[in-house]
Amino acid sequence: MEHIRMPKVENVRLLVRSSSRRTQVGTLYLTATHTIFVGKGSEDRNELWVLHSLVCNVVKHKASQSGYPLLIICKNFQVIQFIIPQESDCHDVYISLSRLSRPEKYEELYCFSFNPSVDKAEREHSWDFLDLKAEYSRMGLPNKLWHVTPINREYRVCDTYPADLFVPKSVTLPVIVGSSKFRSRGRFPTLSYYCKENHTTICRSSQPLSGFSARCLEDEQMLQAIMKSNPGSRFMYVVDTRPKLNAMANRAAGKGYENEDNYCNIKFQFIGIENIHVMRNSQQKLIEVSALRSPSMGEFLTGLENSDWLRHIKSIMEAGLFISKAVAEEGVSVLVHCSDGWDRTAQVCSVASVLLDPYYRTLKGLMVLIEKDWVSFGHMFSHRCGHLIGEAKEVSPVIDQFLECVWQLMEQFPCAFEYNEKFLISIHNHIYSCHYGNFICNSQKERKDLCIKEKTHSMWLHLWEKKLDFMNPLFKPDQSQNQGLLRPSTAPYCFKYWRRLYNRFDRELHPRQSELDCLMTVKEETQQLEEELALYEQKMAVLDKERAKTLYMQKGVLDSKQALWSLPLDTSLANTPQDYIGGAPNVFTLQQGERERAELCLFGDQTKSSDADNSDQESGVADFSSHSSGEESLPSEDSVKDPDSDETGPNRA
Amino acid sequence: MELSEHIKTANVEDVTLRRPFHPALRGTLCVTSHHLLFSDRKDEASWQLLILLKNIDAIEKSVENLFGYPRAMGSSGTITIKCKDLLVLQLEIPGMEECLNIASSIEALSSLESVTEMYPFFYRPSHLTLNGPWGLSSTEQYYKQTERLWDRWRVSTVNSDYSVCPSYPSAVIVPREVDDDKLIRSARFRQGGRFPVLSYCHHRNGMVIMRSSQPLTGANKKRCKEDELLLQAVIDGSELGYIIDLRSAQQAQQARMTGGGFESKSFYSHWKRIHRHHERGKIVQESLIKLVEACSDPSHSVDRWLSKLENSKWLSHVHSALSTAGLVVECVERDGHSVLVHGSEGTDNTLLVSSLAQLILDPASRTVTGFLCLLEREWIQAGHPFQQRCAHSAYSHARLKQECPIFLLLLDCVWQVWRQFPLALEFSEALLLRLAQEVYASNYGTFLCNSEQERCAAGVKENTHCLFQSLLRPDIEEQYLNPLYEPTDLAIWPSVHPQSLQLWTGLFLRWTEYAQNMEEAREEVWSIVKEHHEQAGPDRTNNTLSTHCDTLTPFENLMDELTIL
């Protein structure tokens, strides 16, 4: 609280990026965890909540006629602009927010103060929801060739690895220790994915400390053991996900890559995914493109091209495809590494897993995959997501790229995934929000030392409880082409711009009607009808005498279904004009089943009020959209039910 | 010259056919006057591929003659066939001579000039008869059905012999108070005689969309009283109307040098002119060529792909068309003013913008019948020169004359609207794809010729079948319906931000692996809806989904019977 210079400012105007012409006046509050804007208006609950931990940057703009603009740029790509009447207030808010959004210690993060009304047992239950041991046993481990080594139980051999690691049974402890000494950060080769059909594995590690000529017998034995643990093949691939030039440069620093002459029966392969710095700059450019106001088609496409973002996504996808094909089609095991083995390696292993195993295309499967390949294997979430103030150079959208690869696959295989893109976007949001403890710190050891499980809540159960929102109605698990290996096309035109993520808060850019939401409702309704039918059939059998009465009730059910059906198909919001003049977009649009209810509530009212204001100056004719968008989303009580309301709103019941 | 004289080799055995994403097939190739027929006779159930020769946009041949070998083994040729529906096929033909003969037959027969020699004049399916009425509606019928027009508008038959405007239909709708003499004078003042006529009257407020060609003001700023009166009668006392000129202000100025021009403020004081630049003709055709070229190489890097996509400018045309249509809708629906749309000739972009505006505004044009009626009224009767514009598609090496894929652009824009409002249109993407194919090569006479006058002269109505009628009769095929259709009375304003517009993969990537997964998704949508229908029962009267499913069932049964026979 000591960082808040200015807890409350009156008469602040709120602008949202997508609608520079419409504003709302209200009061701005700064709390220890949130920035809260409460709009002045007839409706209550006119609120916007922004978590400090989601704020990426706070920028003061040049004073305008109406006041002093303050821009809040969030890590989930939301941009909020306030106009504050007094310069001193603006400055105070700026200073306060600048500090509040740059926490120095983990304890300042929201997950440590987030305290929903659940008891200890429930909280522990939320952490037990995902069990990696169960995941390994689902894969078929341990078995006669692979077992858990106790060597890293105390994180002594490798402090960025999890405590439980699978290695070939034939490998002795000295070999592991020897191998770990020959690998950056001690990250020795260990199992990431096991394919029980053909005993092939995907293993991961960091780069070897080979320099120009060094070799390590234990490391060579380690690879040999991994290769031999796949009885069906006579060699294995070693995939270095870096561009060859980068790997060669590393040799001068005593690191490098495996020399094929020293290792028996390996085939070495470079893949050429760029490093975190290139990716950071690329995403920055992409964000700039996504934020362009009314660009021409040419500007947008040129910007997209110049960002190089989709090129990087394609290279990650190709790497994943190479590995998954090696495993599924050739039956050859693969060892994957990059430099440290926690960025590109995590991306590539997890993309390959999604391609290989239909389980990872289910809701729970994706959760487990992220928990395994990213959280447990020490992807440095705190550094990459910039949870704490620190090296800006450590920040990089590595996990964003993985989620985007999954999204690109979903676009190509609309029936192969149990989840929808809202699931990916929610995960993305929570990775950055620090709302839950899952993505705090850089390794399992750090999380243990910080008692994350005791002090914070886990996101996975929270998402699981809302799984109905995340289901893909088109999912066909039994379809043969959705079984086994997915073979995506990597033709350039298969890589698309992910509008729902990067323009997440620009409502007017998205389709006004959702095919998937509609289908989901239809499906649920069908299921409900089936259940009811079954129920009535039962009753019919029992209440044979009262047959007439039962029939009467059944009729009633169908009538009530009618209303349910019409709900998601409500197209009243269809009627919202777009901006065809070429200026900045000027219309709020509301969408049924929106996620960010906190904002939605606010803008729901705003649309109504400002439409009335604007219609005069624009045309003198009442805006048809106002009544349509107004009535369907009167704010509120939904915010309790809303799946993601906690993203921006308070969850303290 | 008889068509059959072009055929020197009618049959070749042992031809290998290669198609994308299918294994190569061996079989017999036949050339007839209008078709290329490939049949694979390996199994009992022979597989056939029938291609309309008119669908072939370009062929490339290469022959190899290995000297010293017997002819049968040594020489062979490959013909690559590039179709107007963007499919590319390869035929390996044994025998150099046969190969060359076939190639020259295809070249000659795929580019017939005379309309009456084209296939629609020979297409006689057993389930259709030629005696019925041709087309879905006429200007008179449209007028009769649209009660809101009766008060202030009338049907004029001033063009009944096509002398006033050769590209207009015989009947047009004009303001009641303007007599035919004034129309004739106005026509003389408009390029090609395309005087302002009614295109759409908005059901909400009675405002109208008119369309015409440019006025012939010329360098001397000529004026035409009757034209001014005609437009004055359109707005009838209200303050203001908008003229959406589909050229930049500069282009409109330049047009005066060649006799064209624009409506000047001083003579049309109640009309406000807005200029929106639209590319036309050759530039749009070249966009299509570049886009198809970019889509044809999956080995490009992403950068190269995006740069080619950008460079093709196709999506920019989509963007402009939708933006201007949105502007027209804004004038009509939101501001409550009437609009006149024109470019130069008024036969291309003008029709594109006016028909898109109607799709956005008018719920009636979003049903299958309504949409086909819209196309008939605004494109076929309104005189879009289909024969000239669609003579060649993206692959042709022929020198461009008057080709321009404006109609494809319309279909693409409609597809974009469907993407943004997946519940608002009764028809599906499949219907758009079917139209995209039919407009270039068809069994039906609907897209033949350049105007109603030409169609009359060629006897199209008497001697060919109508595509639209056949699409609607007896039941619409399930694949052309949108299972999620839920009509809305409101305008559906599409977003025109570049972030919201996408490449129409269904058309441009139709023959790639990409399309196959989408097909699976479409089937799944249908099965979800059908399952729902089974559970919910047929007594859900105001549910359009149920009604469609009902009409579909008998049709499917019919299909089963056919297969058995």
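The model shown is predicted, which means the values in this text are computed figures rather than measured ones.

Here we come to the overall build of chain A. Summing up its helical and strand segments, chain A has 24 helices and 14 strands in all. Look at the contacts in chain A between residues 6 or more apart in sequence, and 72% of them connect residues 24 or more apart.

Secondary structure assignment for chain B yields 20 helices and 14 strands. On C-alpha atoms alone, chain B measures out to a radius of gyration of 25 Å, which is about the 24 Å that the 2.2 N^0.38 rule sets for 565 residues. Across its three principal directions, the C-alpha atoms of chain B cover 85 × 65 × 55 Å. Relative to its 565 residues, chain B shows a buried fraction of 61%. Expressed as a percentage of contacts within chain B between residues at least 6 apart in sequence, the contacts between residues at least 24 apart total 71%. Taken as a whole, chain B presents about 22500 Å² of accessible surface, with 50% of it coming from carbon and sulfur. A distance of 9 Å separates the average location of the 55 positive side-chain charges in chain B from that of its 71 negative side-chain charges.

Under the criterion given, the structure shown has zero disulfides over all chains. With no disulfide of its own, C158 of chain A has C338 of chain A as its nearest cysteine by sulfur position, at a separation of 13 Å. Owing to a relative accessible area of 0%, C158 of chain A belongs among the buried residues under this scheme. Its sulfur unpaired, C201 of chain B is 16 Å from the next cysteine sulfur, which belongs to C331 of chain B.

A few words now on the UniProt feature "active site" (unreviewed entry) in chain A. Residues and elements named next belong to chain A. In this numbering, the UniProt entry assigns the feature "active site" (unreviewed entry) to C338. Structurally, C338 is set in the loop between strand 14 (334-337) and helix 10 (344-356). Residue classification places C338 among the buried positions, given a relative accessible area of 3%. Beyond its immediate sequence surroundings of up to four residues, C338 is in contact with S205, S206, Q207, D240, T241, R242, D343, R344 and T345.

The next subject is the pattern of salt bridges. Two side chains bearing opposite charge may form a pair once their charged atoms approach each other closely. Throughout the structure, instances matching the rule amount to 50 salt bridges over all chains. One salt bridge in this structure joins K314 of chain A and E318 of chain A, with 3.0 Å as the shortest N-O distance. Pair noted here: K314 of chain A and E318 of chain A are both in helix 9 (residues 309-330), with a separation of four residues, about one helical turn. Assessed through its relative accessible area of 11%, K314 of chain A is described here as buried. Here R389 of chain B makes a salt bridge to D348 of chain B, at a shortest N to O gap of 2.7 Å. Taken together, the residues R389 of chain B in helix 12 (residues 386-389) and D348 of chain B in the loop between strand 14 (338-342) and helix 10 (349-361) connect sequence positions 41 residues apart. D348 of chain B sits in the buried class, given a relative accessible area of 9%.

This brings us to helix 5 (residues 225-235) of chain B. Every buried residue of helix 5 of chain B is accounted for by D227, E228, L230, L231, A233, V234 and I235 of chain B. The positive-phi residue at the C-terminal boundary of helix 5 of chain B is D236 of chain B, with phi of around 45 degrees.

All names here are of chain B. For chain B, the mean per-residue pLDDT works out to 87, and 92% of the residues sit at or above 70. Contacts for the low-pLDDT stretch residues 539-565, under 50 throughout, to residues beyond four places or in other chains number 36 contacts. For this predicted complex, the interface score ipTM comes out at 0.90, alongside a pTM of 0.88.

Formed by 256 residues in total, the largest nonpolar core has its most connected members in F402 of chain A together with L435 and F508 of chain B. Counting 28 residues, the second largest nonpolar core, distinct from the first, contains L29, L53, I106 and L112 of chain B.

The interface of chain B with chain A comprises 67 residues on the first partner and 74 residues on the second. Each partner contributes to the roughly 6400 Å² buried at the junction of chain B and chain A, and carbon and sulfur atoms together form 62% of this total. The largest per-residue losses of area from chain B upon contact with chain A belong to R334, Q499 and E520 of chain B, which jointly make up 12% of the total buried on that side. Summed over the shared surface of chain B and chain A, the number is two salt bridges. The shortest N-O distance in the salt bridge between E524 of chain B and K476 of chain A comes to 3.4 Å. The tally of links between chain B and chain A comes to twelve residue pairs in polar contact (both at pLDDT 80 or more). Mapped onto the side of chain B that touches chain A, the elements with two or more residues apiece are helix 8 (302-312), helix 9 (314-334), helix 13 (406-420) and helix 19 (513-536) of chain B. Along the lines of polarity and charge, the residues of the side of chain B that touches chain A split into 32 nonpolar, 18 polar and 17 charged.

Each value, and the rule that gives it
Residues numbered from 1 in each chain as written. Chains lettered and ligands numbered in written order. Predicted model: local features only at pLDDT ≥ 70, side-chain atom pairs only at ≥ 80, totals over all residues. Heavy atoms only, no water. Helix = DSSP H or I, 4+ residues; strand = E, 2+ residues; numbered from the N terminus. Contact = heavy atoms within 4.5 Å. Rg over C-alpha atoms; globule rule 2.2 N^0.38 Å. Buried < 20%, exposed > 50% of the residue type's maximum accessible area, 1.4 Å probe, protein only. Areas by Shrake-Rupley, 256 points an atom, 1.4 Å probe, with all protein chains shown as cover. Lys, Arg positive; Asp, Glu negative; His and termini not counted. Charge placed at Lys NZ, Arg CZ, Asp CG, Glu CD. Disulfide = S-S within 2.5 Å. UniProt positions renumbered as here; feature names shortened; annotations may be inferred. Salt bridge = Lys/Arg side-chain N within 4 Å of Asp/Glu carboxyl O. pLDDT = per-residue confidence, 0-100. Core = buried A, V, L, I, M, F, W, Y, C linked by side-chain atoms within 4.5 Å. Buried area = accessible area lost by both parts, 1.4 Å probe. Polar contact = N/O pair within 3.5 Å; in protein donor to acceptor, adjacent residues only side chain to side chain. Nonpolar A, V, L, I, M, F, W, Y, C, P; charged D, E, K, R; others polar.

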